[in-house]
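Here are the chains, one letter per residue:
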Amino acid sequence: MKLDPATHLYTYNHVMDGFSAVLTMSQIKQLQKMPAHLATFEEKLGQLHTTRTPTFLGLKKEAGLWSVSGFGEDMIIGIFDTGIWPESKSFHDEGMSEAPSRWGGKCEAKGFCNKKLIGALSFGQGMKHLKEKISKTDDYDSPSDFLGHGTHTSSTAAGSHVQFANYFGYANGTATGIAPKAQLAMYKVMFFNDSFEGATTDTLAGMDQAIEDSVDMMSLSLGFPEAPFYENPIAIGAYAVQLVIPVLVRTLSSMQLHGSLLLVQEQ
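The present account deals with the structure reproduced in this document. (Residues numbered from 1 in each chain as written. Predicted model: local features only at pLDDT ≥ 70, side-chain atom pairs only at ≥ 80, totals over all residues. Heavy atoms only, no water.)

## Notes on the overall build of the chain
Counting its secondary structure elements, the chain contains 8 helices and 14 strands. Put simply, the chain has 267 residues, and 44% of those count as buried. Excluding contacts between residues fewer than 6 apart, the proportion of contacts in the chain whose partners are at least 24 apart in sequence is 75%. On the chain, roughly 15000 Å² of surface is accessible, and the fraction owed to carbon and sulfur atoms is 56%. (Helix = DSSP H or I, 4+ residues; strand = E, 2+ residues; numbered from the N terminus. Buried < 20%, exposed > 50% of the residue type's maximum accessible area, 1.4 Å probe, protein only. Contact = heavy atoms within 4.5 Å. Areas by Shrake-Rupley, 256 points an atom, 1.4 Å probe, with all protein chains shown as cover.)

## Here we look at the state of the cysteines
In the structure shown here, the tally under the stated rule is 1 disulfide. Note on cysteine connectivity: Cys107 is disulfide-linked to Cys113, with sulfurs 1.4 Å apart. Every disulfide takes its handedness from the sign of the S-S torsion; for Cys107 and Cys113 that torsion is -50°, giving left-handed. Take Cys113: its relative accessible area is 25%, and that puts it in the partly exposed class. (Disulfide = S-S within 2.5 Å.)

## Let's talk about the pairing of strand β8 (residues 170-175)
In terms of residue burial, β8 counts as a barely covered element, since only 0 of its 6 residues are buried. The pairing of strand β7 (residues 162-167) with β8 spans 3 bridges and is antiparallel. Across the sheet, the residue bridging to Val162 is Ala175, located in β8. From the end of β7 to the start of β8, which pair antiparallel, there are 2 residues, and Phe168 there has a positive phi angle of about 50°. (Pairing = 2+ DSSP bridges.)

## Considering the packing of aromatic side chains
Within this structure, the stated rule accounts for 7 aromatic pairs. Consider the rings of Phe80 and Tyr187, whose centres lie 5.1 Å apart with planes at 15°: the pair is stacked. Taken together, the residues span a long stretch of sequence, with Phe80 in strand β5 (residues 76-81) and Tyr187 in strand β9 (residues 183-188) at a distance of 107 residues. Residue classification places Tyr187 among the buried residues on the basis of a relative accessible area of 1%. Counting every residue linked through ring pairs, the aromatic cluster contains Tyr10, Tyr12, Phe80, Phe123 and Tyr187. (Phe/Tyr/Trp six-rings, centres within 6.5 Å; stacked < 30°, edge-to-face > 60°.)

## Quick word on the sheet that holds strand β4 (residues 45-48)
Strands pair in a sheet through their backbones, by hydrogen bonds, and they do so in one of two ways: parallel or antiparallel. Spatial ordering of the open sheet is given by β10-β11-β4-β13, a layout of 4 strands whose pairing is antiparallel. On the outer flanks of this sheet lie β10 (190-192) and β13 (222-223), each paired with one strand and no other. Sheet topology places β4 next to β13; 2 bridges connect them, and they run antiparallel. Across the sheet, residue Leu48 finds its bridge partner in β13, namely Leu222.

## A look at the sheet that holds strand β6 (residues 117-122)
With parallel pairing, 4 strands are arranged side by side in an open sheet as β6-β9-β5-β12. Only two strands of the sheet have a single partner each, and these edge strands are β6 and β12 (217-220). Between one strand axis and the next, the sheet turns by 20° as a mean value, whatever way the strands run. Bridging between β5 and β12 involves 4 bridges; their strand directions are parallel. Bridge pairing in β12 places Ile77 opposite Met217. Running over the sheet, helix α5 (residues 149-158) touches β5 and β9 and is turned about 155° from β5. (Axes fitted to C-alpha atoms, helices over the stretch in contact; angles between N-to-C directions.)

## Structural notes on the pattern of salt bridges
All told, the structure shown has 4 salt bridges when counted by the stated rule. The closest approach of N and O atoms between Arg102 and Asp74, which form a salt bridge, is 3.6 Å. With Arg102 in the loop between β5 and β6 and Asp74 in the loop between α3 (65-68) and β5, this pair connects stretches of sequence that are 28 residues apart. One salt bridge in this structure joins Asp139 and Lys188, with 2.9 Å as the shortest N-O distance. One end of the pair, Asp139, is in the loop between α4 (125-131) and α5; the other, Lys188, is in strand β9, with 49 residues separating them in the sequence. The residues Asp139 and Lys188 share a single accessibility class, namely buried. (Salt bridge = Lys/Arg side-chain N within 4 Å of Asp/Glu carboxyl O.)

## Let's talk about the side chain of His14
By the secondary structure assignment, His14 is in the loop between β1 (7-12) and β2 (18-23). A distance of 2.6 Å separates a polar atom in the side chain of His14 from a polar atom in the side chain of Glu212. (Polar contact = N/O pair within 3.5 Å; in protein donor to acceptor, adjacent residues only side chain to side chain.)

## Regarding the nonpolar core
Tyr12, Val15, Trp103, Phe123, Tyr187 and Leu204 are the most contacted members of the largest nonpolar core, which totals 25 residues. Counting only elements with at least two residues in this core, the list comes to β1, β5, β6, β9 and α6 (200-213). In terms of residues, this core owes the most to one element, α6, which gives 5 residues. Judged by nonpolar contacts, the second largest core, of 13 residues, contains Ile79, Phe112, Leu117 and Ala182. (Core = buried A, V, L, I, M, F, W, Y, C linked by side-chain atoms within 4.5 Å.)

Here it is as structure tokens:
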């Protein structure tokens, strides 16, 4: 019997040593017999979460860690969410420096970025194969934000100072993110099809690219079904992020492949 052709989604070089693909159960069993196979994870969907405030963190702008840290200067924050509205005043680049020389990211859409928003990419291959399509009426198949959640979390993390901000004329003041001098990169991994969700394969692809791009910090306001850490590919990827430099050094020095991790969507 002829097998259905496998569909490769992503190859992961940093968050794990592995790849994601759409496979039949027969193909999965064949791969699991290979000596280099380490683990297989089934595709999961994550849901949006909401960030907390500077009050929760105990930050004070007049003194302490907030001011001593330079309000995020020379930092690049990678946001993983529903996208971003580059037109928002929270992302103006007045007074911002050019992207640092270490930055390796890019913008998917022409004219989308500036000296504040220095990167914007979307990762939807897993979601497209799982749900067949992304809504054309309630979302964008691009880094643009339809819902506004990603714009909210981005401005909370690193929004520039915006004077005379108000809510329909009430509570006038200056809006600012926690790290207003930091630069932002959006990695869109949440898409709408009946509801806003994100695939594990897409989220890991975004994290993998963010490491390649040299972000200094990652912010994911989303969550996946609870599972032990060793069975949770997002937790494994997040752990690898913290160890990315020593992991890369050890890999380059030993040049040994100890095993591969596989994420699959069953046909």
